[in-house]
Amino acid sequence: MMEKKYKFWFATGSQDLYGEECLAKVAKHSGIIVENLNESGVLPFELVRKPTLIDNESIRRLFHEANADETCAGVITWMHTFSPAKSWILGLQEYRKPLLHLHTQFNQEIPYDTIDMDFMNENQSAHGDREYGHMVTRMGIERKIIAGHWSDITVQKRIADWMRTAIGIMESSHIRVVRFADNMRNVAVTEGDKVEAQIKFGWEVDAYPVNEVAEYVKEVPTGDIEALVEEYYSKYDILLEGRDEKEFRKHVTVQAGIELGFEKFLVEKNYHAIVTHFGDLGSLQQLPGLAIQRLMEKGYGFGAEGDWKTAAMVRLMKIMTAGMKEAKGTSFMEDYTYNLVPGKEGILQAHMLEVCPTISDGPIGIKVCPLSMGEREDPARLVFTSKTGPAIATSLIDLGNRFRLIINDVVCKKVEKPMPKLPVATAFWTPQPNLTVGAESWILAGGAHHTAFTYDLTAEQMGDWAAAMGIEVVYIDKDTTIRSLKNELLWNSIAFR
Ligand code: MN
């Protein structure tokens, strides 16, 4: 998924006013903190301790080096003592990567019996971090602040979360989306300004005639296809449901060819996300279903009906969660139908076919069924139900003069009964704070029917990413009320004018 082995730099601020002995302790303390954070096993990336920064020149040099080092994904700053903030201006002005201000101190407790002025001067981040923070705010630089003792697991987990946000910021500009079809005719919310998306997010969004990728599908060697079909048959339950075994297998074989052909195209041309449209399939025999599901599982982004924004978002979230232990999954998703029974409210999520198997819970089956739309062979698809628990649904929309990212906290549940006649993978969730306010808020904010969905990132992480991109972000969560949301949208419309 990622070619670079990213690291984060830990930079401690001080000054030479307190003498060599104090600076030696500052360096020692920073070393202990970095060592412990690295050994905690909580951080997904390595921290690298940098020499203590004491003046304009050393600060500027550090930020220059951070910009230039391709493996550096961000700098974590902390003022152990007092560091006059004017000395940070030049460095901060030129710095272009994610910035975390860790507002911590070496000791957890005030040493009541022994504390004297020397100790206070040495351990004064409550003082120094305010001086430094003032300058970052005055300069209008987007950064994350995390306050608390460095040994606290909550603090460590927040640093870990921020690291994944930083990876999203760094990797966003490497995302390349291939569109095998334009936006579905007359559909509004999946549209958007691709030039502005490249300026804001760095996304490259290119179109190819669908028959160019269909040629790749035709050229896949039969042996490769057969081997992949064997893999499908060993990995998934075959749900014939009355279909002829041979005919069923032929339909599955078509999807195996699509998976291999598409993947070859994506690798050769260096694309990380795919856009299709059921109404524009050229010489493809089936709508890519099982094939797209498998490609999403491998880390590719996906958007249906020409939806390149959601395709890029799914890819982004897959990169941000790459290598996560006990990840529960990330997928393209669509709001479909409601359960409005009081006390059991929720939204049934699915798509025609394309739901990522990373979110599945329990066995995965293959079905071959007709599509109500389009005019091709009955496509094979993976069917399953998804995991339970908290998750987020996100929608990136283009409002004409700006992008807005809407983030809704949702709670995934099992539906009460199986749905044996529904031939697609599903999820079922209740939006926060409840279905009524959640759905009303989503629609007020202009959210799409397509979402980029994940169990593995938080609203805070995606909101921080959006802030770093300089776009509007709207949260819908347990604290949302319609009255406050309407005010927020009104104020935002003025702020982003
Ligand atoms: Mn759709």
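Here the structure is shown first, and the text comes after it.
For clarity, every value in this text was computed on a predicted model and none was experimentally measured. (Residues numbered from 1 in each chain as written. Predicted model: local features only at pLDDT ≥ 70, side-chain atom pairs only at ≥ 80, totals over all residues. Heavy atoms only, no water.)

*Asks:* Account for the coordination of the manganese ion, naming residues and giving values.
*Replies:* Within the protein, Glu 305 (OE), Glu 334 (OE), His 351 (NE2) and His 450 (NE2) serve as the donor atoms for the manganese ion, at 2.1 to 2.2 Å. The sequence pattern describing where the donors of the manganese ion fall on their chain is E-x28-E-x16-H-x98-H. Of this pair, Glu 305 sits in the loop between strand 10 (301-303) and helix 12 (308-320) while Glu 334 is found in strand 11 (residues 330-339), placing the two residues 29 residues apart along the sequence. On the accessibility criterion, Glu 305 (8% relative accessible area) is buried. Under the relative-accessibility criterion, Glu 334 is labelled buried at 9%. (Donors = N, O, S within 2.8 Å, 3.2 Å for Na, K, Ca; no water. Helix = DSSP H or I, 4+ residues; strand = E, 2+ residues; numbered from the N terminus. Buried < 20%, exposed > 50% of the residue type's maximum accessible area, 1.4 Å probe, protein only.)

*Asks:* Describe helix 15 (residues 482-495), with residues and values.
*Replies:* Since the α-helix turns once every 3.6 residues, residues separated by three or four places project in the same direction. In a regular helix each residue adds 1.5 Å, so 14 residues correspond to 20 Å; helix 15 covers 20 Å between its end C-alpha atoms and thus fits that length. Of the positions making up helix 15, those classed as buried are Leu 485, Leu 489 and Asn 492. For helix 15, the arc enclosing every buried residue in end-on projection is 65°, short of the 170-degree limit, so these residues lie on one face. Turned more than 90 degrees away from the buried face of helix 15, the exposed residues are Arg 483 and Trp 491. Turning to helix 15, the residues buried within the fold contact strand 16 (403-412), helix 13 (435-445) and strand 19 (472-476). (Expected span 1.5 Å × (residues − 1). Arc of directions from axis to C-beta. Contact = heavy atoms within 4.5 Å.)

*Asks:* Describe the sheet that holds strand 3 (residues 72-79), naming the residues involved and giving the relevant values.
*Replies:* Through backbone hydrogen bonds, the strands of a sheet pair up, either in parallel or in antiparallel fashion. A sheet is described by the order of its strands in space; here five strands give the open sequence 2-1-3-4-5, paired in parallel fashion. The open sheet has two free edges, formed respectively by strand 2 (46-49) and strand 5 (144-147), since each of these has just one partner strand. Recorded for the sheet is a direction-independent mean angle of 25° between the axes of neighbouring strands. Inspection of the sheet shows strand 1 (residues 7-13) paired to strand 3 by seven bridges, in the parallel sense. The residue of strand 3 that forms the bridge with Ala 11 is Thr 77. (Pairing = 2+ DSSP bridges. Axes fitted to C-alpha atoms, helices over the stretch in contact; angles between N-to-C directions.)

*Asks:* Please give an account of the pattern of salt bridges that cites residues and values.
*Replies:* Taken as a whole and assessed by the stated rule, the structure comprises 26 salt bridges. Between Asp 182 and Arg 179 there is a salt bridge, with the nearest N and O atoms lying 2.5 Å from each other. With a closest N to O distance of 3.4 Å, Asp 479 and Lys 478 form a salt bridge. Residues joined by salt bridges that share partners form a network here, namely Glu 231, Glu 259, Glu 263, Arg 294 and Lys 298. (Salt bridge = Lys/Arg side-chain N within 4 Å of Asp/Glu carboxyl O.)

*Asks:* Requested: an account of the packing of helix 13 against helix 15, with residues and values cited.
*Replies:* Following both chains from N to C, one finds helix 13 and helix 15 inclined at 15°, their axes separated by 10 Å at the closest point. The angle between helix 13 and helix 15 falls in the class roughly parallel. The two elements helix 13 and helix 15 cross, and the hand of that crossing is right-handed. Along its contact with helix 13, which presents Val 437, Glu 440, Ser 441, Leu 444 and Ala 445, the element helix 15 presents Ile 482, Leu 485, Lys 486 and Leu 489. (Parallel < 35°, antiparallel > 145°, perpendicular 65-115°, else oblique. Left-handed = near helix turned anticlockwise from the far one by under 90°.)

*Asks:* Please set out unusual backbone geometry residue by residue, giving values where relevant.
*Replies:* Of note, the amide linkage connecting Gln 432 to Pro 433 takes the cis form, showing an omega dihedral of 0°. Mapping Pro 433 onto the fold places it in the loop between strand 17 (427-431) and helix 13. Backbone geometry at Glu 241 places phi at a positive 50°, although glycine is not the residue there. Mapping Glu 241 onto the fold places it in the loop between strand 8 (237-238) and helix 10 (245-269). The class of Glu 241 is exposed, set by a relative accessible area of 54%. Positive phi outside glycine occurs at Asn 270, with the angle close to 60°. Along the chain, the position of Asn 270 falls in the loop between helix 10 and strand 9 (273-275). On the basis of relative accessibility, which here comes to 40%, the residue Asn 270 falls in the partly exposed class.

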